[in-house]
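# Structural description and commentary
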Amino acid sequence: MITVHNLTKVYGETRAVDNLSFEIAPGRITGFLGPNGAGKSTTMRMIMGLDHPTSGAALIKGVHYHDLPAPLRTVGALLEAKSFHPGRSARNHLISLAVTNGLPLERVDVVLEETGLTSVANRRAGSFSLGMGQRLGIAGALLGDPEILLLDEPVNGLDPEGILWIRNLLKGLAAQGRTIFVSSHLMSEMALTADHVVVIGRGRLIADTEMRDFIESSSGVSIRVRTPHSDILYPALRSAGGTVVENEDGTASVAGLPIAKIGDIALESRAALHELSSQSASLEEAFMTMTNDSATFHSHSTPAKQGV
Amino acid sequence: MTTATATRSEATFWRTVHAEWIKIRSVRSTMFTLLFMAILGVGISSLGALAVRAATNSGHLHHAINPVTHSLGGTLIAQIAIGVLGVLVFTGEISSGTLQSTFAAVPQRWKVLLAKVLVYFIIALIASEIVAFACFFAGQAIMSGVVTTANLSDPGVLRVVAGTGLYLPVIGVLALAIGVMIRRTAGAITAFVGIYLVLPLLVSALPSPYSTDIDKFLPFQVSQTMLSNVPVPGSLSPWTGFFVVVAYTVILIIIAGSLLKARDA
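Residues numbered from 1 in each chain as written. Chains lettered and ligands numbered in written order. Predicted model: local features only at pLDDT ≥ 70, side-chain atom pairs only at ≥ 80, totals over all residues.

A few words on the overall build of chain B. Counting its regular elements, chain B contains 12 helices and zero strands. Expressed along its principal axes, the backbone C-alpha trace of chain B runs to roughly 80 × 40 × 30 Å. Each of the 265 residues in chain B was classed as buried or not, and the buried ones make up 43%. (Helix = DSSP H or I, 4+ residues; strand = E, 2+ residues; numbered from the N terminus. Buried ≥ 20, exposed ≤ 12 C-beta atoms within 10 Å, placed from the backbone.)

Next comes the structure, spelled out in structure tokens:
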């Protein structure tokens, strides 16, 4: 259980994290979403006690990270791609960490095996590819067999194979009952792995909800409808409280109504439906709309609205 | 999954020391720098002794040579190497990102700093004593038969040789503290060299009574007295000077530790 309470971090005049409060429940994957620069890394570093909050607190099982008797046994973290010395072998890096918390040295071989690094364990970590470096970071996080895992953008810069590996690893770890808090700026990645989602923008909380509900409400933003009886259906949808935007290709995007309700209205008003779909692409769109106002850095060209 | 055996698994000071020992010996650059320091130190001492030998043989040596001080000349260069390595003990962790892993494992930053200081002090002490005695014996061997060489059993000689080996690691820890304060390798090395070599030059430019009064408290001048078995005029006595430098180092470690605790990692 991680509890973040009124957490605030101010750098000069920038409020990197602004009065953030949320709880991470055990035994599931919680996605931590937000555009680049939203304050995700800073929040995670404050949970780890690496950065000091300006005000507020971040607690792990009710105590500060600093007060955990053997931190590696409770929390495993992957904070940045590189958190090891390039001149040291993967094995020696892990041994030096294991020794601090009195972990049995067999754990080093176990995590090297789990992350597929056994054959390169004695090589200098500086010679590792980005993916191997990421695996070494994860090996360090798993070293103490912790019940809580914090991972900051673990798939960043990885090839598709590496992304798949991380995704399956996280699901496997969550299935073992561990608490997993994983950040990403990619909505699509989170939709595939997370059970719950915390969304922030400009350091502020935007959403804290079940992923299923988040997807449903986000998808509701734009449901694609194709009907030969638009003169009947569109007014009926509008009177039911929906927003109907007619597209150039003869379809309409309906917002503000759940997909089932649109189907029911079509039946009641005897309008034939040739198409009724919520689009997965709208998920990313919804995320962008939600966080756009709060994005610190974003390009001026807004992405073209996809009809499919 | 964790069944916390908290009593067995706490990140104690000695476990942190053990980890720091593994870290410092598992990076090749540590041993390379120490080896470089030894070769450079003994090499320069030997060259100095060879110069004395050549000058005496050709009849150009007109002033008396202190064979002890002369043979230890190379340790002045060794001080710079030991300082650079001291800086790197900490700044190397910052630039590689290792410090994050270190603090994740041991969140008590004072504990980490003191463990690093202890491990580095001991490694630097062993290396420095070896270099100091090697410089002394090499110098005496080269100069023997040409000038009156010194023996370890002569009055004050053991103090000078062993004391020089003890003084060097203190300078190394002082540099480590500068590394913690400045955080960046280049800046910290510049600051160390500045305090050590440039400051004495600036002080010597001051008007007469002030320059000598201040100069005797500077680490470089103290190192000169450590190197001599006869009193150096206008300087602190060797052990007084040594403890003044130890005091500087302790003060810098206290400042460094406070900054380390207060700052974001």
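Quick look at the sheet that holds strand β9 (residues 204–210) of chain A now. Residue and element names in this part refer to chain A. Spatially, the six strands line up as an open sheet ordered β5-β6-β7-β3-β8-β9, and their pairing is mixed. Only two strands of the sheet have a single neighbouring strand rather than two, namely β5 (75–78) and β9. Recorded for the sheet is a direction-independent mean angle of 15° between the axes of neighbouring strands. Note that strand β6 (residues 148–152) and strand β7 (residues 179–184) share five bridges and pair parallel. In the strand pairing of β7, Leu-150 is matched with Phe-181. Packing of helix α1 (residues 40–47) onto the sheet brings it into contact with β3 (29–33), β6, β7 and β8 (196–201), and relative to β6 it is tilted by some 145°. Against the sheet, helix α6 (residues 160–175) engages β3, β6 and β7, with an angle of about 155° to β7. (Pairing = 2+ DSSP bridges. Axes fitted to C-alpha atoms, helices over the stretch in contact; angles between N-to-C directions. Contact = placed C-beta atoms within 7 Å.)

Next up on the list: the packing of helix α3 (residues 90–100) of chain A against helix α5 (residues 130–142) of chain A. Residues and elements named next belong to chain A. Contact pair α3 / α5: the axes reach a minimum separation of 10 Å and the direction vectors enclose 25°. Judged by the inter-axis angle, α3 sits roughly parallel to α5. Along this stretch, α3 crosses α5, giving a crossing that reads as right-handed. Together, Ala-90, His-93, Leu-94 and Leu-97 of α3 and Leu-136, Ala-139 and Gly-140 of α5 make up the contact between the two elements. Per-class residue counts for the contact of α3 with α5 are five nonpolar, two polar and no charged. (Parallel < 35°, antiparallel > 145°, perpendicular 65-115°, else oblique. Left-handed = near helix turned anticlockwise from the far one by under 90°. Nonpolar A, V, L, I, M, F, W, Y, C, P; charged D, E, K, R; others polar.)

Right, let's get into the nonpolar core. Among the nonpolar cores identified, the biggest contains 131 residues, and Leu150(A) and Leu176(B) are the most heavily contacted of them. No other element matches helix α8 (residues 157–182) of chain B, which puts 15 residues into this core. Excluding its chain neighbours within four sequence positions, the residues that come into contact with Leu176(B) are Gly86(B), Val87(B), Val89(B), Phe90(B), Lys116(B), Val117(B) and Tyr120(B). Core analysis: the second largest hydrophobic core is formed by 10 residues, Ile223(A), Val225(A), Ala252(A) and Ile262(A) among them. (Core = buried A, V, L, I, M, F, W, Y, C linked by C-beta atoms within 7 Å.)

All right, on to helix α9 (residues 230–239) of chain A then. All names here are of chain A. Taken residue by residue, α9 has Leu-233, Tyr-234 and Leu-237 as its buried positions. The arc that holds every buried residue of α9, seen down its axis, measures 95°, which confines them to one face. Those residues of α9 that are exposed and angled more than 90 degrees off the buried face are Asp-231, Pro-235 and Ser-239. Count one or two residues on from α9 and you reach Gly-241, which has phi positive near 105°. (Arc of directions from axis to C-beta.)

In this assembly, 31 residues from chain B lie in contact with 37 residues from chain A. Secondary-structure elements contributing two or more residues to the side of chain B that touches chain A are α1 (6–9), α2 (13–25), α3 (28–57), α5 (74–96) and α6 (98–105) of chain B. Class assignment for the residues of the side of chain B that touches chain A results in 13 nonpolar, 12 polar and six charged.

The extent of an interface is frequently quoted as the accessible surface area lost upon association of the parts. Domain annotation of chain A identifies domain 1 (2–210) and domain 2 (223–278). The centre of domain 1 of chain A, based on its C-alpha atoms, is set 44 Å off from the matching centre of domain 2 of chain A. (Domains from an automatic or database assignment.)

This brings us to the confidence of the model for chain A. On average, chain A scores 87 in pLDDT, and the residues at 70 or more come to 88%. Low pLDDT, under 50, characterises residues 296–308 of chain A; the stretch is placed with 12 contacts to residues that sit more than four places away or in other chains. (pLDDT = per-residue confidence, 0-100.)

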